[in-house]
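Next come the chains, spelled out residue by residue.
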Amino acid sequence: MPRSATVPVPARTFVALTTADVTRARVQNPTNIPVRLIGTTTDTAPTGLDGALWLFARQTFAADILFDQIWPDAGIKRLWAWSEGATALEVAHG
């Protein structure tokens, strides 16, 4: 299911950014709070931050980057966010 939404990210909680299996997504961090992005192969939340990427203040994770380019051969289909402080991200995927 496509998504274009502002997604709240509570402090120290894994939050699903994707609502379906996808190969890419656009994520913007319009805040000053850094966020970690991590991919999974299912809709089950990750249990740790191994392999997570930083999305710093005012950065964009571009939709033209395939998950397989970031996490090669991992079969990533879902994207999650985690942050030390409460924030919100702009998310879009097809």
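Computed from a prediction, not measured in an experiment: that's the story for all the values here. (Residues numbered from 1 in each chain as written. Predicted model: local features only at pLDDT ≥ 70, side-chain atom pairs only at ≥ 80, totals over all residues. Heavy atoms only, no water.)

Caption draft 1: The arrangement of the side chain of S83 in detail. Turning to its location among the elements, S83 is positioned in the loop between β7 (78-82) and β8 (87-93). Reaching out from S83, the side chain makes a polar contact with the backbone oxygen of P34 at a distance of 3.1 Å. In contact with S83, not counting residues within four places along its chain, are V9, P10, A11, R12, I33, P34 and V35. (Helix = DSSP H or I, 4+ residues; strand = E, 2+ residues; numbered from the N terminus. Polar contact = N/O pair within 3.5 Å; in protein donor to acceptor, adjacent residues only side chain to side chain. Contact = heavy atoms within 4.5 Å.)

Caption draft 2: Main features of the packing of aromatic side chains. Applying the stated criterion across every chain yields a total of two aromatic pairs. The interplanar angle of 10° and the centroid separation of 5.4 Å between the aromatic rings of W54 and F56 together place this pair among those described as stacked. Of the residues examined, F56 reaches a relative accessible area of 42% and is grouped as partly exposed. Look at F67 and W71: their rings are 6.1 Å apart centre to centre, the planes differ by 70°, and that puts the pair in the edge-to-face class. Grouping residues by exposure puts F67 and W71 together as buried. The ring of W54 has R36 lying over it, and the distance from NZ or CZ to the ring centre is 4.4 Å. (Phe/Tyr/Trp six-rings, centres within 6.5 Å; stacked < 30°, edge-to-face > 60°. Buried < 20%, exposed > 50% of the residue type's maximum accessible area, 1.4 Å probe, protein only. Lys NZ or Arg CZ within 6 Å of the ring centre and 35° of its normal.)

Caption draft 3: Seen up close, the sheet that holds strand β3 (residues 26-28). Taken in spatial order, the four strands line up as β1-β8-β3-β6 in an open sheet, and their pairing is antiparallel. For this open sheet the edge positions go to β1 (3-9) and β6 (60-61), each flanked by a neighbour on one side alone. Where β1 lies against β8, seven bridges are found, and the strand directions are antiparallel. Note on β8: the bridge partner recorded for S4 is A92. (Pairing = 2+ DSSP bridges.)

Caption draft 4: Up close: the nonpolar core. Judged by nonpolar contacts, the single largest core of 18 residues is most densely connected at L17, V27, L37, F67, L79 and L89. Listing elements by their share of this core, those giving two or more residues are β1, β4 (35-40), β7 and β8. (Core = buried A, V, L, I, M, F, W, Y, C linked by side-chain atoms within 4.5 Å.)

Caption draft 5: Highlighting the sheet that holds β4. In space, the four strands of this open sheet follow the order β2-β7-β4-β5, with antiparallel pairing throughout. If you trace the sheet from one side to the other, it starts and ends with β2 (15-16) and β5 (53-55), each paired once. The pairing of β4 with β7 spans five bridges and is classified as antiparallel. Considered in β7, the bridge of I38 is made with W80.

Caption draft 6: Molecular detail of unusual backbone geometry. Of note, R12 is a non-glycine position whose phi angle comes to about 55°, a positive value. Within the secondary structure, R12 is located in the loop between β1 and β2. For R12, a relative accessible area of 59% puts it in the exposed group. Its identity as a non-glycine residue notwithstanding, D73 has a phi of 60°, on the positive side. Here D73 shows up in the loop between α1 (67-70) and β7. A relative accessible area of 76% means that D73 is categorised as exposed.

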